[in-house]
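Residues per chain, in single letters:
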Amino acid sequence: MGIPVLTIDGPSGAGKGTVSRLVAKKLGWHYLDSGSIYRSLAIALQLASVDLADVPGIVNVAEAMALEFECGDELAVRLDGVDITPQLGLESTGVVASQVAALPDVRRVLLQKQQDFRKPPGLVADGRDMGTVVFPDAKNKVFLTASAAKRAERRYKQLIEKAIDANLIQIQKAIEERDRRDMERENAPLAMARDALYIDSSDMTIASVVEEILNLIH
Ligand code: DC
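What counts and how
- Residues numbered from 1 in each chain as written.
- Predicted model: local features only at pLDDT ≥ 70, side-chain atom pairs only at ≥ 80, totals over all residues.
- Heavy atoms only, no water.
- Near = heavy atom within 4 Å.
- Polar contact = N/O pair within 3.5 Å; in protein donor to acceptor, adjacent residues only side chain to side chain.
- Areas by Shrake-Rupley, 256 points an atom, 1.4 Å probe, with all protein chains shown as cover.
- Helix = DSSP H or I, 4+ residues; strand = E, 2+ residues; numbered from the N terminus.
- Nonpolar A, V, L, I, M, F, W, Y, C, P; charged D, E, K, R; others polar.
- pLDDT = per-residue confidence, 0-100.
- Pairing = 2+ DSSP bridges.
- Contact = heavy atoms within 4.5 Å.
- Axes fitted to C-alpha atoms, helices over the stretch in contact; angles between N-to-C directions.

**Quick word on the site of the ligand**
Working step 1: Every one of the 16 residues lining the ligand counts as a neighbour, but Arg39, Arg107, Arg128, Asp129 and Arg178 are closest to it.
Working step 2: In this structure, an oxygen atom belonging to the ligand sits 2.8 Å away from a side-chain N or O atom of Arg107.
Working step 3: Contact distances for the ligand include 2.9 Å between an oxygen atom and a side-chain N or O atom of Arg185.
Working step 4: When isolated, the ligand has an accessible area of 440 Å², and the protein chains bury 95% of it.
Working step 5: Counting residues per element, the ones that place at least two in the shell around the ligand are helix 2 (34-47), helix 5 (91-100) and helix 9 (168-184).
Working step 6: It is helix 2 that provides the largest number of residues to the shell around the ligand, a total of 4 residues.
Working step 7: Taken together, the residues of the shell around the ligand sort by class into 4 nonpolar, 5 polar and 7 charged.

**So, the confidence of the model for the protein chain**
Working step 1: For the protein chain, mean pLDDT is 93; residues scoring 70 or higher make up 100% of the total.
Working step 2: Looking at the elements of the protein chain, mean pLDDT is at its lowest for strand 3 (residues 67-71), recorded as 89, and at its highest for strand 1 (residues 5-9), recorded as 98.

**Comments concerning the sheet that holds strand 4 (residues 75-79)**
Working step 1: Overall, antiparallel pairing links the 3 strands, which are arranged 3-4-5 in an open sheet. On the outer flanks of this sheet lie strand 3 and strand 5 (82-83), each paired with one strand and no other.
Working step 2: Where strand 4 and strand 5 come together, 2 bridges link them in antiparallel fashion. Opposite Arg78, over in strand 5, you have Asp83 as the bridge partner.
Working step 3: Along the sheet face, helix 2 touches strand 3 and strand 4 and points at about 40° away from the line of strand 4.

**Some details on the environment of Ile217**
Working step 1: Topologically, Ile217 is positioned in helix 10 (residues 206-217).
Working step 2: Spatially, the C-alpha atom of Ile217 lies 9.5 Å from that of Leu27, the residues being 190 residues apart in sequence.
Working step 3: With near-sequence residues (within four places) excluded, Ile217 lies in contact with Leu6, Leu27 and Asn140.

Right, here's the structure in full:
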């Protein structure tokens with residue numbers, strides 16, 4: 001596989017999405033937001049009223065769902081032809097995504113859908129297990145994180161800007177709970193690849209994170 005991949009893994013709210021999109025744009029590479037695939041599954045399950053205890057039912061939906069991605073300034077996703085972009089970013093979607101992401105059969109079914117994004121001239125892949133499981137042979141790997149307090153503060157600001165009611169303490173609690181679930185699951189947990197560059201963005205601007213990653217590539 002000669003097509004280059006840059007993987008950017010880390011916990012939710014570390015700025016992976018924004019940074020990955022900017023780096024992909026600079027390099028002229030494709031972009032995979034792997035979290036959006038798990039989020040799309042969460043929405044598909046809600047639409048089909050599948051119980052979260054019904055593992056075979058969940059796997060069936062994962063196998064059958066047809067996803068189309070459009071990568072503009074914001075990512076737009078169509079599920080079986082229907083635009084699900086508005087539901088994609090909801091906190092409730094992220095929670096269900098994190099729950100179903102812990103199921104080994106779900107991860108197995110979604111593996112190929114993610115690897116299909118590897119196309120010339122290259123790919124920037126953002127998620128939890130991009131460097132460890134999905135693209136272990138990637139030449140460049142980054143682990144991007146920030147303190148839970150900083151991530152909560154950023155999320156809080158985003159919500160307030162969108163005029164959505166928010167509570168900082170509750171947000172931090174939800175972030176810590178999601179970190180725990182993503183790190184403690186047995187299958188492909190959130191973990192730093194041994195050969196990844198560790199970046200703590202707590203006190204960095206987006207531009208300086210992007211610059212550090214581009215320096216790694218060049
Ligand atoms: O990055 P995100 O918040 O959009 O991801 C939503 C959930 O999907 C996350 O809490 C865990 C799961 N996920 C995963 O298990 N593996 C990935 N590569 C990406 C996301």
